Amino acid sequence: MRSYIPNTQRERGEMLAAIGLPDMDALFADIPEGVRLNRPLELSRGMSEIEVRRAFASLAARSGVPHASFRGAGAYGHYIPAAVPQLAMRSEFYTAYTPYQAEMSQGMLQAIFEFQTLICQLTGLDAANASVYDGATAAAEAVNMLTAAKRKNKVLVSAGLHPDVRAVLKTYARFSKTELVEVPLNENGVADIPFIEQNAGDAAGLVAAQPNFFGCLEDTRTLADATHAFGGLFVNYVYPHALGVLARPGELGADIAVGDGQSLGLPLAYGGPYVGFMASTQKLMRNLPGRIAGETTDKDGNRAFVLTLQAREQHIRREKASSNICSNQMLCAVTASIYLSLMGPKGLAEAANQSMQKAHYLAEGMSRVRGIRLRYPATPFFNEFAVDCDRDSEFVSGALKERFIMGGLPLNRIVPGDSGMLWCATELNAREDIDAALSVLEEVFA
Amino acid sequence: MTPKDRKYTRDHEWVLIEDGKARIGISDHAQHALGDIVFVELPAVGDGFKPGDSFAVVESVKAASEIYTPVGGEVVEVNEALEAEPERINADPYGAFLAVIAVAELDEAALLDADAYDAFVASEG
Amino acid sequence: MSRSSYPLIFERSRPGRTGCDLPPLDVPALEGLIPEGLVARVTLPLPEVAEVDVVRHYTNLSRRNFGVDNGFYPLGSCTMKYNPKLNEEVSALFDGLHPLADDDCAMGAIRLMAELERQLCAITGFDKFTLQPAAGAHGELTGLMLIRAYHDMRQDFNRNVMLVPDSAHGTNPASAVMAGFETRELVSAPDGGIDLEALRAACGPDTAGLMLTNPSTLGLFEKNIVEVAHIVHEAGGLLYYDGANLNAVMGVARPADMGFDVMHINLHKTFSTPHGGGGPGSGPVGVTAELIPYLPYPVVMMGGAGTASLDYDRPLSIGKVKGFYGNFAVMARAYAYILSLGAEGLREASQNAVLNANYVMNALRDVYDVPHERICMHECVLAPTKRMLDNGVHTTDIAKTLIDYGYHPPTIYFPLIVHEAIMIEPTESESRETLDGFIAAMREIARVALEEPGRLHASPATTPVGRPDEVQAARKPVVRFCE
């Protein structure tokens with residue numbers, strides 16, 4: 001049993017004596033008898049390190065990681081350079097709290113400032129915050145930015161957003177009394193622009209993804225123009241790796257870009273922690289929620305960094321704050337910064353291009369399998385695509401699993417009633433693994 | 001020296017009414033209490049307010065203060081210079097107005113003259 | 001460390017450098033995959049640096065930072081306890097697991113969540129938890145949404161007011177507004193507790209609930225908690241427990257037994273998961289049986305024989321509050337911590353956290369102001385004496401001087417109801433000699449504040465930069481590097 005408490009029983013006794021108390025129980029004299037727990041907690045006895053390792057080993061043994069994976073759907077297996085986790089695990093970073101005392105937190109504050117800059121560079125926008133919980137909550141905060149900036153409580157959201165993102169938006173909107181109008185996808189799997197034009201009345205803006213959940217590339221410029229035409233603000237939900245090969249949201253008219261930074265060096269880790277990023281035009285900077293680091297100087301003129309624009313935040317503005325967010329995902333943001341620094345413009349473009357090329361090679365191979373059809377053959381895609389098949393998607397997935405391949409996601413698991421599959425490739429998928437998956441599919445559909 | 005050409009509120013705003021238009025700002029006491037002002041959130045021209053409504057926010061590094069209007073009516077002018085130079089309020093609180101409202105409603109009882117305001121500030125300690 | 005600026009990663013950039021290497025593309029390269037209007041027209045302006053540049057950059061940045069591993073970090077309300085190394089290693093066993101892996105491949109992870117939930121139920125007395133919220137404030141928002149959903153289901157649509165004490169964390173009122181409530185502030189009684197008369201007067205048919213931190217942000221246990229719960233429940237409201245201060249009472253008292261209906265836990269405070277310089281956290285929300293139907297989906301269900309499952313069929317659920325299942329790897333660390341300590345260890349942790357706080361308060365009470373003279377819980381609130389303030393020494397000066405003694409300052413200027421507050425939370429991780437060293441520093445600072453106050457305004461002197469100009473940062477915000 002570990003308690004990680006340094007003081008010995010004797011020292012504890014001496015400390016109690018110094019305070020003038022007879023025993024530990026006297027410390028809790030303020031707790032009324034009626035609400036005290038006068039029995040041990042119903043937990044097992046404490047364990048040694050060896051025993052905790054055994055317990056975890058036994059759980060991990062029931063969590064199989066496949067030899068090859070073609071599953072994305074919001075969480076992507078990209079290569080993580082060895083330097084990324086080693087630097088992020090510097091304990092001066094990971095055991096620190098929010099940098100409230102700037103003088104002894106310059107490292108983290110500068111890292112935040114660099115993260116904000118990297119997100120601006122990636123999105124082509126002017127300002128960014130220090131992160132929020134994940135992509136879905138970043139989208140929810142962006143909706144709040146729209147309604148606050150436009151003083152309107154209706155927002156259009158594309159059906160092409162990830163189902164979890166749509167679900168989170170719906171939850172937040174119910175309680176903030178925001179009306180969400182869902183823009184359907186057309187027969188090509190992209191947002192239906194005439195619907196936007198017809199339903200824009202009194203809306204604060206539009207939220208749409210690039211690429212969308214089904215992997216399809218949206219016409220960002222036209223979506224932005226259609227949104228600005230009704231006086232709204234355009235929020236683009238982006239997959240950061242796609243920006244290695246696509247024009248940036250800021251160049252295509254987005255007012256706000258948000259997304260999940262998981263692909264930037266963070267492990268899949270069964271869904272988290274990831275990192276939500278948010279960037280905006282200069283005009284909307286003060287509507288961004290949460291922490292923002294800013295550059296200033298000390299009295300001798302040394303460059304210094306501080307948390308700034310704090311009057312927007314809950315600890316000062318309380319019920320009038322732009323958001324309730326306090327803790328964010330800072331360490332994950334630093335991890336993403338380290339990743340982006342290592343990759344650089346060429347590395348990110350190369351990882352993006354390889355992901356896209358391998359996905360197209362996979363899609364091309366799958367479209368030759370009799371019984372599998374690309375759902376949107378006429379629509380360009382990045383590294384993910386939906387297929388419909390003549391066999392049950394769970395059966396197909398099961399057959400691949402027997403060969404230690406995690407195939408595309410059977411869509412019915414998160415889109416009830418959808419019998420298709422969503423396939424993904426990244427630079428981690430070697431050609432021989434793609435060929436192996438294709439040959440299993442040939443067998444399944446033979 | 002508290003200017004005698006205008007009236008004051010117990011929330012430390014000043015109001016100078018000329019030709020049916022009310023110029024509103026914050027008192028020297030208020031700017032001093034807030035400290036270095038870093039940002040001012042101004043209303044938009046055309047916004048309508050009732051007496052007692054919050055119509056602007058003045059921020060220092062560690063605080064944000066709602067500013068209330070003693071008059072009701074429509075905003076006809078805002079002091080846009082404050083967006084780039086909020087420190088003007090610290091330097092010249094009685095010159096740096098926040099906004100001008102066309103007076104449609106006026107709560108006379110809420111207003112103090114300069115001497116009464118000085119006495120009020122003194123009584124607040 | 002002497003004063004110095006440190007170059008930004010962007011200032012190290014040299015065209016053509018790179019810190020990554022990928023294998024050659026092994027499939028045919030196709031052209032024209034991206035429509036004309038979407039093709040990137042410019043090379044991304046990301047920095048171009050070599051791996052060694054990146055490694056030195058972040059290693060040196062980390063040296064300009066301070067964590068629990070560097071030293072004493074008594075940040076009140078933040079529970080900066082030691083973060084065991086074991087937990088970092090074992091949680092990483094799940095790093096490769098995709099969140100949408102088949103359930104049979106993810107069984108260990110789902111079971112871990114079910115077991116963590118069961119542990120949290122045992123510690124707090126609640127019937128069920130959701131692990132989805134990513135932080136304390138996110139947990140508050142989720143818990144308040146559950147309260148709204150509960151009232152709505154009872155057709156009780158007029159309960160729009162959330163009562164919040166004036167001593168509360170700023171997240172409380174901010175979360176209440178995001179969940180669609182109005183807030184009504186309760187002025188604290190002179191002893192820092194809830195003023196029962198004020199509470200009775202504030203409660204009515206519009207009361208949705210009361211948010212309470214217990215022990216309060218003053219580090220004091222709310223002695224009248226049973227009566228408080230009674231008043232709120234009589235009025236038809238629910239009682240929300242802000243778990244920021246749970247480290248005071250593990251194994252000693254349970255929020256559900258005090259009468260609370262909903263709570264959040266900060267796993268990154270009480271259960272030792274590292275704060276990461278501001279996150280990630282994890283903010284599980286516990287509820288009594290009547291609120292279970294409204295929990296976010298999917299709900300984790302314990303199964304037999306080492307199994308567990310995810311239940312999506314929750315018709316009354318408020319929906320999702322986060323992608324996937326929450327910050328899983330944070331949960332895994334907390335699970336390892338609770339396994340390590342067990343029932344006895346958790347109780348011992350709380351006892352020693354309270355002991356350490358009282359030891360510090362007792363040793364400083366003759367030189368600092370103690371606004372509330374009674375036994376504190378896991379943290380204590382002090383303030384400069386009137387003589388210090390008259391000398392022009394403020395809490396900021398005391399905090400900045402502590403830095404030069406090698407300590408991270410306590411939380412300052414919070415709670416708002418104590419003028420110039422200094423809020424000290426030592427946690428159980430600190431040894432007696434560490435506390436004695438801190439006490440000696442605080443006493444020396446108190447002496448200097450009375451004898452040579454001017455010296456304190458120059459601190460800190462040992463950090464890479466002096467006190468930054470926050471006014472300049474806020475007036476002319478520069479939030480990104482521009483060439």
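Residues numbered from 1 in each chain as written. Chains lettered and ligands numbered in written order. Predicted model: local features only at pLDDT ≥ 70, side-chain atom pairs only at ≥ 80, totals over all residues. Heavy atoms only, no water.

This part is about the overall build of chain C. Of the regular secondary structure elements, chain C holds 14 helices and twelve strands. In terms of overall size, chain C behaves like a compact globule, its C-alpha atoms giving a radius of gyration of 25 Å where 483 residues would be expected to give roughly 23 Å. In terms of overall dimensions, chain C has C-alpha extents of about 75 × 60 × 45 Å along its principal axes. The buried share of chain C, reckoned over its 483 residues, is 67%. Restricting to contacts in chain C with at least 6 residues of sequence separation, those with at least 24 account for 71%. Entry remark: accessible area of chain C is about 15100 Å², with carbon and sulfur atoms responsible for 51%. (Helix = DSSP H or I, 4+ residues; strand = E, 2+ residues; numbered from the N terminus. Rg over C-alpha atoms; globule rule 2.2 N^0.38 Å. Buried < 20%, exposed > 50% of the residue type's maximum accessible area, 1.4 Å probe, protein only. Contact = heavy atoms within 4.5 Å. Areas by Shrake-Rupley, 256 points an atom, 1.4 Å probe, with all protein chains shown as cover.)

Before going further, it helps to spend a moment on the environment of Leu-374 of chain A. Residues and elements named next belong to chain A. Residue position: Leu-374 is located in strand 11 (residues 372-374). Once the C-alpha coordinates of Leu-374 and Ala-363 are considered, the two residues, eleven residues apart in sequence, prove to be 7.5 Å apart. Setting aside residues up to four positions removed in sequence, Leu-374 forms contacts with Ala-363, Ser-367, Phe-385, Ala-386 and Val-387.

Moving on, we get to the environment of Phe-181 of chain C. Residues and elements named next belong to chain C. Secondary-structure assignment places Phe-181 in the loop between helix 5 (171-178) and strand 3 (182-186). Of the residues examined, Phe-181 reaches a relative accessible area of 4% and is grouped as buried. Those residues within four positions of Phe-181 in sequence are excluded, and the remaining contacts are Leu-144, Ile-147, Arg-148, Arg-159, Asn-160, Val-161, Met-162, Ala-176 and Ala-208.

Attention now moves to unusual backbone geometry. Along the chain, Gln-210 of chain A connects to Pro-211 of chain A via a cis peptide bond; the corresponding omega equals -15 degrees. Here the bond from Tyr-297 of chain C into Pro-298 of chain C is cis, since omega is -5 degrees, no more than 30 degrees from zero. Along the chain, Pro-298 of chain C turns up in the loop between strand 7 (285-287) and strand 8 (299-302). Here Thr-79 of chain C, not a glycine, exhibits a phi torsion of approximately 45 degrees, which is positive.

Here we take up the side chain of Thr-171 of chain C. Tracing the chain through its elements places Thr-171 of chain C in helix 5. Of the polar contacts made by the side chain of Thr-171 of chain C, one reaches the side chain of Glu-140 of chain C; its length is 2.8 Å. Setting aside chain neighbours within four positions, we find Thr-171 of chain C in contact with Gln-314, Asn-324 and Cys-326 of chain A together with Ala-137 and Glu-140 of chain C. (Polar contact = N/O pair within 3.5 Å; in protein donor to acceptor, adjacent residues only side chain to side chain.)

Turning our eyes to something else, we now look at the nonpolar core. Core analysis: the largest hydrophobic core is formed by 138 residues, its most contacted members being Phe-56 and Tyr-270 of chain A together with Leu-199, Phe-271 and Leu-346 of chain C. At 21 residues, helix 9 (residues 328-364) of chain C tops the list of elements feeding residues into this core. In terms of nonpolar packing, the next biggest core, distinct from the first, is built from 65 residues, Tyr-133 of chain A together with Met-211, Leu-295 and Val-299 of chain C among them. (Core = buried A, V, L, I, M, F, W, Y, C linked by side-chain atoms within 4.5 Å.)

Bringing the interface of chain A and chain C into the picture now. Taken together, the contact pairs 186 residues of chain A with 215 residues of chain C. On the chain A side of the contact with chain C, Glu-103, Met-104 and Tyr-270 of chain A bury the most area, a combined 6% of that side's loss. Here chain A and chain C share 17 salt bridges between them. Asp-104 of chain C is the partner of Lys-401 of chain A in a salt bridge, and the nearest nitrogen-oxygen pair spans 2.8 Å. Taken together, chain A and chain C are joined by 87 residue pairs in polar contact (both at pLDDT 80 or more). By residue number, the principal contributor to the side of chain A that touches chain C is helix 11 (residues 330-367) of chain A, which donates 23 residues. Residues of the side of chain A that touches chain C, tallied by class, amount to 94 nonpolar, 50 polar and 42 charged. (Buried area = accessible area lost by both parts, 1.4 Å probe. Salt bridge = Lys/Arg side-chain N within 4 Å of Asp/Glu carboxyl O. Nonpolar A, V, L, I, M, F, W, Y, C, P; charged D, E, K, R; others polar.)

A few words on helix 6 (residues 135-150) of chain A. Residues and elements named next belong to chain A. The terminal C-alpha atoms of helix 6 lie 22 Å apart, and with 16 residues this matches the ideal 22 Å at 1.5 Å per residue to within 8%. The buried fraction of helix 6 amounts to 13 of the 16 residues, a majority that puts the element mostly inside the structure. Structurally, the start of helix 6 carries an N-cap: the backbone nitrogen of Ala-136 is 3.3 Å from a side-chain oxygen of Asp-134. One or two residues past the end of helix 6 sits Arg-151, with phi positive at roughly 50 degrees. (Expected span 1.5 Å × (residues − 1).)

Residues and elements named next belong to chain B. Counted residue by residue, strand 4 (residues 37-41) has four buried out of five residues, so it is predominantly covered. Where strand 4 lies against strand 6 (residues 54-60), four bridges are found, and the strand directions are antiparallel. Across the sheet, the residue bridging to Ile-37 is Ser-60, located in strand 6. (Pairing = 2+ DSSP bridges.)

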